[in-house]
Amino acid sequence: MKNLKILFAVLFLMGIFFTSCKKDENTTKTENIVPANFKVDIPSSISQKSFNKGGDDNDTLQGGEIYEHLTNFIAVGENAADIVQEIMGAISKYGLNKAMTFSFDGDDDEKTKNVVIVENSDFEGVTWEYQLTITDAGSESDTDQGIGMQVFWNRSPVKGIAILAPENINTADTDAWAQAMFRIDYSEAGENSYEKQMTVYISDLPIPTSNAPYGMATLKMFAGKTGEIVDVYGNSNHPAALFFNAGNSGFNWAFVASGNETKNIGVAEVGLPASNLDTDSRTKILKDNSIYNVFNTLIKEAYPEATDSIIAPYLKNTNAPGYFKSSGFMSAGVSPSTDYEILEANIENLTPYNPIQISNLKVEFKKLENASK
């Protein structure tokens, strides 16, 4: 998927930037204010950049493909978190231990980047111990103030927000995906009974077209880990998605999932609500708009004369939940073994986000007081 290529390209780019930064080589490294960890790892059973088809191959669109696409969308969210994780790790190697200002030149665009670390920064009603901002010096007078990255964080317990705009990290990159905005909220403060958790936001992706009907425009995804169990829920919005050439285009992949990191297995339930659906109801999002209900309705609209035997192949693997192992999607509706029981119970307590709020999601930086900071 093209989005993953861009994410990995940005990841590589950021690694180059921070290994090329020569500021403060004598900085004492006995104390480090930058947290090295800023991510929750998601079991690969439910987060895959390429999926392995389960069941029999068939020319018709089936429920299994909806589950398979889900693992790709979760992987997109996880790879956005990977970028931030690698950036934070690279920064932490410099042993930055106080508020400071310095500059470095980007290896790809050869443009000067300014770095400012300040203490006691207010953002979204919270006073954070530190704020780090990276700007493209030549773009600081622009409307977006040239901001490439902002990180707000506390050290004990580790908790923070990281926001990234790739186009201001590498101004030479003209690819549409570089214009996307990414945000990771991370915490080890023990909220919601999780040892650590993160929420991934992605907005401003290229507008999908009918040539790429399942292209993603926005995503919001939560992941919380306790022990070997990782719970995941969220929505990705696909405004060009159309099933069976029936009904209106524009759907969310709304999902709840739970995975076992050690066994590398997972369970997920997916709803396909319309992108403009305005509700917080778990029942309306996942049950009323289940894969089965949406497919069944649209198939009958597209093929009003079709018999049950003709419709049946289209409804294959549309039941909930879907079951996954290390190689990807296995089956839907019937559990492969008792190993999945805890995960099945977990997803019953999870709810996706309001679809219309995800469809209208916008990631934004904190405005700087002036363009030189």
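Note: the structure precedes this text.
Everything quoted here is computed from the prediction, not taken from an experiment. In every chain, residue numbers begin from 1 and rise along the written sequence. Under the rules for a predicted model, residues below a pLDDT of 70 receive no local features and side-chain atom pairs below 80 are neither given nor counted, while totals for whole chains, interfaces and linings still include all residues. For the side-chain quantities, the full set of heavy atoms in the structure was used; hydrogens and water were omitted.

### Concerning helix H4 (residues 291-302)
Link 1 in the chain: Counting from the N terminus, the helices are DSSP H or I runs at least four residues long and the strands are E runs at least two residues long. Each helix should span, by expectation, one fewer than its residue count multiplied by 1.5 Å. The terminal C-alpha atoms of H4, which comprises 12 residues, lie 16 Å apart, in line with the 16 Å expected from a rise of 1.5 Å per residue.
Link 2 in the chain: Where H4 is concerned, the buried positions are Ile291, Val294, Phe295, Asn296, Leu298 and Ile299.
Link 3 in the chain: Whether two residues touch is decided by their heavy atoms; if any such pair falls within 4.5 Å, the residues are in contact. Against the buried residues of H4 lie helix H2 (63-92), strand E10 (251-260), strand E11 (265-271) and helix H5 (308-311). The rule is simple: take the accessible area with a 1.4 Å probe, protein chains only, and divide by the maximum for that residue type; under 20% is buried, over 50% is exposed, in between is partly exposed.

### Description of a negative patch on the surface
Link 1 in the chain: A patch is a set of surface residues, each over 30% in relative accessible area and not in a salt bridge, joined within 9 Å for like charges and within 5 Å for the nonpolar side chains Val, Leu, Ile, Met, Phe, Trp and Tyr. For the area figures, the Shrake-Rupley method with a 1.4 Å probe applies, and any residue is considered shielded solely by the protein chains shown. Between Lys or Arg on one side and Asp or Glu on the other, a salt bridge is scored when a side-chain nitrogen of the former is within 4 Å of a carboxyl oxygen of the latter. Positive charge is attributed to Lys and Arg, negative charge to Asp and Glu, and no charge count is given to His or to the chain ends. The location of each charge is read from NZ of Lys, CZ of Arg, CG of Asp or CD of Glu. A cluster of acidic side chains, namely Asp105, Asp107, Asp108 and Glu110, defines a negative patch on the protein surface.
Link 2 in the chain: For aspartate 107, the position within the fold is in the loop between strand E1 (100-105) and strand E2 (112-123).
Link 3 in the chain: Classification of aspartate 107 as partly exposed rests on a relative accessible area of 40%.

### Some details on the packing of aromatic side chains
Link 1 in the chain: Each pair of aromatic rings taken from Phe, Tyr and Trp, with Trp reduced to its six-membered ring, is defined by centres within 6.5 Å and is described as stacked if the planes are under 30 degrees apart, edge-to-face if over 60, and tilted in the remaining cases. Tallied over the full model, the rule gives 19 aromatic pairs.
Link 2 in the chain: With centroids separated by 5.5 Å and ring planes inclined at 50°, the aromatic side chains of tyrosine 233 and tyrosine 353 adopt a geometry described as tilted. In this pair, tyrosine 233 sits in strand E9 (residues 229-238) while tyrosine 353 sits in the loop between helix H6 (341-347) and helix H7 (355-359), placing the two residues 120 residues apart along the sequence.
Link 3 in the chain: Classification of tyrosine 353 by relative accessible area gives buried; the value is 15%.
Link 4 in the chain: Criterion for a charge above a ring: Arg CZ or Lys NZ at most 6 Å from the ring centre, at most 35 degrees from the ring normal. The positively charged end of arginine 183 is found above the aromatic ring belonging to tyrosine 201, 5.1 Å away from the centroid.

Taken by themselves, the reported measurements are silent on function.
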